[in-house]
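# Close look at the chain arrangement
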Amino acid sequence: FRRVLFRSKNRLLIEALDKRFRVLDFGSKLDNYLDSADLAFTTASTTSFEIIARKIPLGIVCSVKNQKSNYESLTLKGLAAPIGEFLNTNWCWNYEQIYKILNVPVFREQIQSSMLNFLDYKGCERIIHFINEFMGKLNNSH
């Protein structure tokens, strides 16, 4: 892999581990970085869906209780590698998954394959289509 993206408060620590690791803040540069990313790590939050929509292999963690359902469902569907959970004030890391997503290209390809038809960027199109159909039916009923 050429670049791994993280979203974290521990920028210096993570970027010191490997020159390919980058910590990003939300903002205008995020899209540019994601366009060239080979792999990403994030929490099982809405950020994970942004990455899945871009078909970037993804490792996710569950850091708070409200991420648990996303963490379980995304990993169960093969859309992300479950790399760790924060439980009872401690991180429980899945070292096997971390190793696989970093070192086994076919594993990343399997994750990408699962992503192919899961999300797209056509949500706005579907909403407009629905509104147009609705307005057409509304106008035809009067």
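Numbering of residues starts from 1 in every chain and runs along the sequence as written. Per-residue local features are limited, in this predicted model, to residues with pLDDT of at least 70; the limit for side-chain atom pairs, both in listing and counting, is 80 or more; totals at the level of whole chains, interfaces and linings are taken over all residues. To get the side-chain values, take all heavy atoms of the structure and skip hydrogens and water.

Another aspect to go through is the packing of aromatic side chains. Ring geometry is summarised as follows: Phe, Tyr and Trp rings, the Trp one being its six-membered ring, pair when their centres sit within 6.5 Å, and such pairs are stacked at plane angles under 30 degrees, edge-to-face over 60 and tilted between the two. Per the counting criterion, the structure on display carries three aromatic pairs. Note on W91 and W93: the rings are 4.8 Å apart at their centroids and 15° apart in plane angle, and the pair reads as stacked. Taken together, the aromatic side chains of F86, W91 and W93 make up a single cluster linked through ring pairs.

Accessible area is worked out with a 1.4 Å probe on protein chains only. A residue is then buried under 20% of its type maximum, exposed over 50%, and partly exposed in between. Helix and strand assignments follow DSSP, with helices taken as H or I runs no shorter than four residues and strands as E runs no shorter than two, numbered in order from the N terminus. Among all positions in helix α3 (residues 46-53), only T47, S48, I51, I52 and A53 are buried. Just downstream of α3, K55 is the residue with a positive phi angle, here 65°.

Turning next to the confidence of the model for the protein. In low-pLDDT segments, the atomic positions of the prediction should not be examined closely. Chain-level pLDDT for the protein is 84 on average; 86% of the residues reach the 70-or-more range. Mean pLDDT values over the elements of the protein span from 58, in strand β1 (residues 4-6), up to 96, in helix α4 (residues 68-76). The predictor reports its confidence for every residue as pLDDT, a score running from 0 up to 100.

What follows covers helix α5 (residues 95-103). An α-helical segment advances 3.6 residues per turn. Residues three or four places apart therefore align on the same side. Along α5, the residues classified as buried are Q97, I101 and L102. All buried residues of α5 fall inside an arc of 125° around its axis, so they share one side. Across from the buried face of α5, at angles greater than 90 degrees, the exposed residues are Y95, E96 and Y99. Throughout, the arc means the angular range of directions from the helix axis out to the C-beta atoms.

We now examine the pairing of strand β3 (residues 39-43). A large share of β3 lies buried, amounting to five of its five residues. Whether two strands pair comes down to DSSP finding at least two bridges between them. Inspection of the sheet shows β3 paired to strand β4 (residues 58-62) by four bridges, in the parallel sense. Of the residues in β4, the one forming a bridge with A40 is L58. Handedness of a crossover is defined as follows: with both strands directed away from the viewer, a clockwise route from the first strand across the helix to the second makes it right-handed. Taken together, β3, α3 and β4 form a β-α-β motif whose crossover is right-handed.

Before going further, it helps to spend a moment on the pattern of salt bridges. A side-chain nitrogen of Lys or Arg and a carboxyl oxygen of Asp or Glu constitute a salt bridge if their distance falls within 4 Å. Evaluation of the coordinates by the stated rule reveals three salt bridges. The salt bridge partner of E50 is R54, with a shortest N-O separation of 3.1 Å. Note that K68 is salt-bridged to E72, the shortest N-O span being 3.6 Å. With a gap of four residues between them, K68 and E72 both fall in helix α4, about one helical turn apart. On the basis of relative accessible area, E72 is assigned to the partly exposed category, the value being 43%. A cluster of three or more residues bridged by salt bridges with shared partners is formed by K68, E72 and E85.

Turning to the environment of S36, a few remarks are in order. Mapped onto the secondary structure, S36 falls in the loop between α2 (28-35) and β3. With relative accessibility at 29%, the residue S36 sits in the partly exposed group. C-alpha of S36 to C-alpha of I56: the two residues are 20 residues apart in sequence and 9.4 Å apart in space.

Moving on: the packing of α5 against helix α6 (residues 105-115). Axes here refer to lines fitted to C-alpha atoms; in helices the fit is confined to the stretch in contact. Angles between the N-to-C directions go from 0 to 180 degrees. Between α5 and α6, whose axes approach to 5 Å, the crossing angle comes to 95°. Here α6 runs roughly perpendicular to α5, going by the angle between their axes. Residue-level contacts link Q97, K100, I101, L102 and N103 of α5 to P105, F107, R108 and I111 of α6. Asp, Glu, Lys and Arg are counted as charged, while Ala, Val, Leu, Ile, Met, Phe, Trp, Tyr, Cys and Pro are counted as nonpolar; the rest, among them Gly, fall into the polar class. Counted by class, the contact of α5 with α6 contains five nonpolar, two polar and two charged residues. Put simply, angles under 35 degrees are roughly parallel, angles over 145 are roughly antiparallel, angles from 65 to 115 are roughly perpendicular, and the rest are oblique. Residue contacts are defined here by distance: any two heavy atoms, one from each residue, within 4.5 Å place the two residues in contact.

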